[in-house]
Amino acid sequence: MAERVTIEAAPRTVLGKQVRHLRREGRLPANVYGKAIESRAIEIDAREFARTIKSAGLRAMIELKVAGETAPRYVILRGIARAHGTGEPIHVDFFQVDPERPITANVPLRLVGEAPAVRDLAGTLLPGIEIVSVRCRPLDIPDTIPVDIAPLKGFDSVLTVGDITPPPGVEILTDPSVVVASVAKPRIRGQRGG
């Protein structure tokens, strides 16, 4: 499952261009919104956010604890505005999800094991698609989906999305015929005549 992390937040009363004062104090302006939920302006600690995202990743399920609210909000990161497009975050959008209602997410594939066609026949592993679309409850989103490449025994062997066994509670939505990995024949170096 995707790692669940906690971020502490406070309601934000500073709006508009005045948020630059928040940033100087090490606070990051953010908004929380969701289906049938009124958007809420909040502020979070910029360093805590950077640390959290660095350790848990952009796809992490976040338990957002807003001061003054009795229950945490389960959110996913929906957008980050950065200074000059690539710099430090200047604003964050969180999307609140219902932990019991399935959502669609993209999950990376991780090739594991060893392909006999590579090991024994000197072939070259050709990775195909790297990310699949899945549908599951937000708390069940996996960090990655492992794909065993051991069935690649010959050059005519191909692994497709349909060959992947998803974790329990996860449905893969990507077309089952899409290639995940295959093995190419080794290139034979020709001799130059002279």
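Residues numbered from 1 in each chain as written. Predicted model: local features only at pLDDT ≥ 70, side-chain atom pairs only at ≥ 80, totals over all residues. Heavy atoms only, no water.

Enquirer: Would you mind going over the overall build of the protein with me for this structure?
Expert: Across its full length, the protein holds three helices and 13 strands. A globule of 194 residues ought to have a C-alpha radius of gyration of about 16 Å, yet the protein, at 23 Å, is considerably larger. Overall, the C-alpha framework of the protein stretches about 75 × 45 × 20 Å when taken along its three principal axes. Here the protein, with 194 residues, has 37% of them falling under the buried criterion. (Helix = DSSP H or I, 4+ residues; strand = E, 2+ residues; numbered from the N terminus. Rg over C-alpha atoms; globule rule 2.2 N^0.38 Å. Buried < 20%, exposed > 50% of the residue type's maximum accessible area, 1.4 Å probe, protein only.)

Enquirer: For this particular structure, what's the right way to read the UniProt feature "domain: Large ribosomal subunit protein bL25 beta" (unreviewed entry) in the protein?
Expert: Taking the UniProt record as the reference, the feature "domain: Large ribosomal subunit protein bL25 beta" (unreviewed entry) is found at residues 103-187. Secondary structure content for residues 103-187 is 5% helix and 41% strand, while the C-alpha to C-alpha distance between its ends is 44 Å. (UniProt positions renumbered as here; feature names shortened; annotations may be inferred.)

Enquirer: Help me understand the sheet that holds strand β7 (residues 103-112), please; the structure alone is not making it clear to me.
Expert: Backbone hydrogen bonds hold the strands of a sheet together, and the pairing may be parallel or antiparallel. Taking strand neighbours across the sheet as the criterion, the four strands line up as β10-β7-β9-β12 in an open arrangement whose pairing is mixed. Whereas interior strands pair on both sides, the edge strands pair on one side only; in this sheet they are β10 (145-148) and β12 (171-172). Relative to β12, strand β9 (residues 131-136) runs antiparallel, the two sharing two bridges. Looking across to β12, one finds that R135 is bridged to E171. (Pairing = 2+ DSSP bridges.)

Enquirer: For this particular structure, what's the right way to read the pairing of β7?
Expert: In the case of a regular strand, side chains alternate between the two sheet surfaces. Where β7 lies against β9, six bridges are found, and the strand directions are antiparallel. Across the sheet, I103 pairs through a bridge with C136, a residue of β9. Two elements, β7 and β10, share four bridges in a ladder whose sense is parallel. Bridge pairing in β10 places L111 opposite V147.

Enquirer: Is there a simple way to explain the UniProt feature "domain: Large ribosomal subunit protein bL25 L25" (unreviewed entry) in the protein in this structure?
Expert: The feature "domain: Large ribosomal subunit protein bL25 L25" (unreviewed entry), as given by UniProt, occupies residues 7-94 in the numbering adopted here. Helix makes up 19% of residues 7-94 and strand 50%, with an end-to-end C-alpha separation of 11 Å.

Enquirer: Even after reading the chapter, I still don't get the pattern of salt bridges, so can you show me in this structure?
Expert: Pairs can form between side chains of opposite charge once their charged atoms are near each other. Scanning the model with the defined rule gives eight salt bridges in all. The closest approach of N and O atoms between E69 and R73, which form a salt bridge, is 2.9 Å. Judged by its relative accessible area of 12%, R73 is buried. Shared partners join several salt bridges into a network, and the residues in it are R40, E69 and R73. (Salt bridge = Lys/Arg side-chain N within 4 Å of Asp/Glu carboxyl O.)

Enquirer: Please explain the environment of D143 as it appears in this structure.
Expert: As for its position among the elements, D143 is in the loop between β9 and β10. As for D143 and A60, which are separated by 83 residues in sequence, their C-alpha atoms are 8.0 Å apart.

Enquirer: How should the nonpolar core be read in this particular structure?
Expert: Soluble globular proteins tend to bury their nonpolar side chains together. The biggest cluster of nonpolar side chains holds 27 residues, and the ones touching the most others in it are V134, I145 and I164. Breaking this core down by element, the ones donating at least two residues are β5 (73-82), β7, β9, β10 and β13 (179-184). It is β7 that provides the largest number of residues to this core, a total of four residues. In this structure V134 touches I103, T104, A105, V107, I145, V170, E171, I172 and L173, once residues within four positions along its chain are discounted. Residues V32, F49, I62 and L77 belong to the second largest nonpolar core, which totals 19 residues. (Core = buried A, V, L, I, M, F, W, Y, C linked by side-chain atoms within 4.5 Å. Contact = heavy atoms within 4.5 Å.)

Enquirer: Where do I start with unusual backbone geometry in this structure?
Expert: Trans peptide bonds make up most of the peptide bonds, and negative phi angles are found at most residues other than glycine. Not every positive phi belongs to a glycine, and A36 is a case in point at roughly 60 degrees. Locating A36 in the fold gives a position in the loop between β2 (27-34) and β3 (37-45). Assessed through its relative accessible area of 87%, A36 is described here as exposed. Located in the positive-phi region is A122, a residue other than glycine, with phi close to 60 degrees. With respect to the secondary-structure elements, A122 resides in the loop between α3 (116-119) and β8 (124-127).

Enquirer: What am I meant to see in the side chain of S157 here?
Expert: When you line up the elements, S157 lands in the loop between β10 and β11 (158-160). Discounting residues that sit within four places of it in the chain, S157 has contacts with P151, L152, S182 and V183.

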